[in-house]
Amino acid sequence: MMAQDLYRLIYLSNNEITGDATIIQQEIRQILTISRQRNAEVGITGALMFNKNCFAQVLEGPHDQLQETFERIQCDPRHSNVIILNFESMQTRHFSQWSMAYVSQEAADSVQFARIQRDSGFDPNQLTGERIYDLLHVHLQAAEKNNSNQVY
Ligand code: FAD
C-alpha cells in the first residue's frame, strides 16, 4: 500500500443507545466485533470512545475503504448527528496495531473527556479532531502501560 494513500478521519456523534448497562454493553460489544472483523478485511485501523452522550472515533486507512466504511457507520441508527472533525491524508498510522481499539466508558467519562466537553460548551462543533485524537491516544497508551482492562 502506498503511504500517501492513507487517510485519517475523526468524527463525533450523539450516542442513541438506550437501555440499562447490560444492553449498552451488548451493543458496544456487537459494534466492536463487527468493526474488528470488517476493518481487518479492508485495512482500516482506529479507536472508539464513548460515554452516555457521545461517540468519538478515529478511523485510518486507504481512501476508498475508509469512505466505504464511514458511509456504513453514518447510517447506523445507534448514533446520530455525525460530525466530521478531521479528514486528512497522513504518512503513518497511529493505531496500526488496532483494527478497532476501545476506550471504556469509565475512561471516556474521566476528567479529560468531561473537560473537553465542558470547554466546548457541549457544542460538538467546537471540539477539534486533534483533541479527540490526543485523548484517545493518551488513554490507550496509559491503559497499555498499566496493563489495565481499559482496552478491550
Ligand atoms: P448490517 O449488519 O447488514 O445491518 C443493516 C443496518 O442495520 C445497518 O444500517 C446497520 O448499521 C444497522 N444495524 C446493525 N445492527 C444494529 C443494531 N444492533 N441496532 C440497530 N441497528 C443496527 N463498522 C465497521 O465496519 N467499522 C467500524 O469501525 C465501525 N464503527 C462503528 C462505530 C459506531 C459508533 C457505530 C454505531 C457503528 C460502527 N460500525 C462499524 C458498525 C456499522 O455501522 C455497521 O453496523 C456494520 O459495519 C455492519 O454494516 P452492514 O451494512 O453489514 O449492516
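The notes below deal with the structure included here. What you see is a predicted model; the values in this text were computed from it and never measured.

## A closer look at the overall build of the chain
Counting its secondary structure elements, the chain contains five helices and five strands. Evaluated residue by residue, the chain yields a buried proportion of 42% over its 152 residues. In the form shown here, the chain has an accessible surface area of approximately 8,200 Å², with 48% of it arising from carbon and sulfur atoms.

## Considerations on the site of the ligand
The local shell around the ligand holds 19 residues, among which S35, R38, N39, R72 and D76 are the closest. E27 is positioned such that a nitrogen or oxygen atom in its side chain is 3.3 Å from a nitrogen atom of the ligand. Considered on its own, the ligand offers 910 Å² of accessible surface; in the complex 70% of this is hidden by protein. Among the secondary structure elements, those contributing two or more residues to the shell around the ligand are α1 (21-42), β3 (54-62) and α2 (63-74). Ranked by residue count, the leading element in the shell around the ligand is α1, at six residues. Partitioning the shell around the ligand into residue classes produces eight nonpolar, six polar and five charged.

## What about the sheet that holds strand β5 (residues 101-103)?
The sheet built from five strands is open, its strands ordered β4-β1-β3-β2-β5 with mixed pairing. Looking at the sheet topology across the chains shown, the edges are occupied by β4 (79-89) and β5. If you compare each strand with its neighbour and ignore which way they point, the axes differ by 15° on average. Pairing between strand β2 (residues 45-50) and β3: six bridges, direction antiparallel. Within β3, the residue paired with A47 across the bridge is V58. In the packing of α2 onto the sheet, the strands contacted are β1 (6-15), β3 and β4, and the crossing angle to β3 comes to about 155°.

## Comments concerning the nonpolar core
Grouped together as the largest cluster of nonpolar side chains are 17 residues, with contacts concentrated most on I28, F55 and L59. Counting only elements with at least two residues in this core, the list comes to β1, α1, β2, β3 and α2. Take this core: its biggest share by element is four residues, from α1. With 16 residues, the next largest nonpolar core counts I10, A47, A101 and I132 among its residues.

## Comments concerning unusual backbone geometry
A positive phi angle is found at N81, which is not glycine, with a value near 50°. The topology assignment puts N81 in strand β4.

## Describing α1
The end-to-end C-alpha distance of α1, which contains 22 residues, comes to 31 Å, matching closely the 32 Å that a straight helix rising 1.5 Å per residue would cover. Inspection of α1 places I24, I28, I31, L32, S35 and N39 among the buried residues, and these make up the whole buried set. Projected onto a plane normal to the axis of α1, the buried residues spread over an arc of 100° and lie on a single side. With respect to the buried face of α1, the exposed residues turned more than 90 degrees away are R29, A40 and E41. In the core, the buried residues of α1 are packed alongside β2, β3, α2 and β5.

Calculation criteria
Residues numbered from 1 in each chain as written. Predicted model: local features only at pLDDT ≥ 70, side-chain atom pairs only at ≥ 80, totals over all residues. Heavy atoms only, no water. Helix = DSSP H or I, 4+ residues; strand = E, 2+ residues; numbered from the N terminus. Buried < 20%, exposed > 50% of the residue type's maximum accessible area, 1.4 Å probe, protein only. Areas by Shrake-Rupley, 256 points an atom, 1.4 Å probe, with all protein chains shown as cover. Near = heavy atom within 4 Å. Polar contact = N/O pair within 3.5 Å; in protein donor to acceptor, adjacent residues only side chain to side chain. Nonpolar A, V, L, I, M, F, W, Y, C, P; charged D, E, K, R; others polar. Pairing = 2+ DSSP bridges. Axes fitted to C-alpha atoms, helices over the stretch in contact; angles between N-to-C directions. Contact = heavy atoms within 4.5 Å. Core = buried A, V, L, I, M, F, W, Y, C linked by side-chain atoms within 4.5 Å. Expected span 1.5 Å × (residues − 1). Arc of directions from axis to C-beta.

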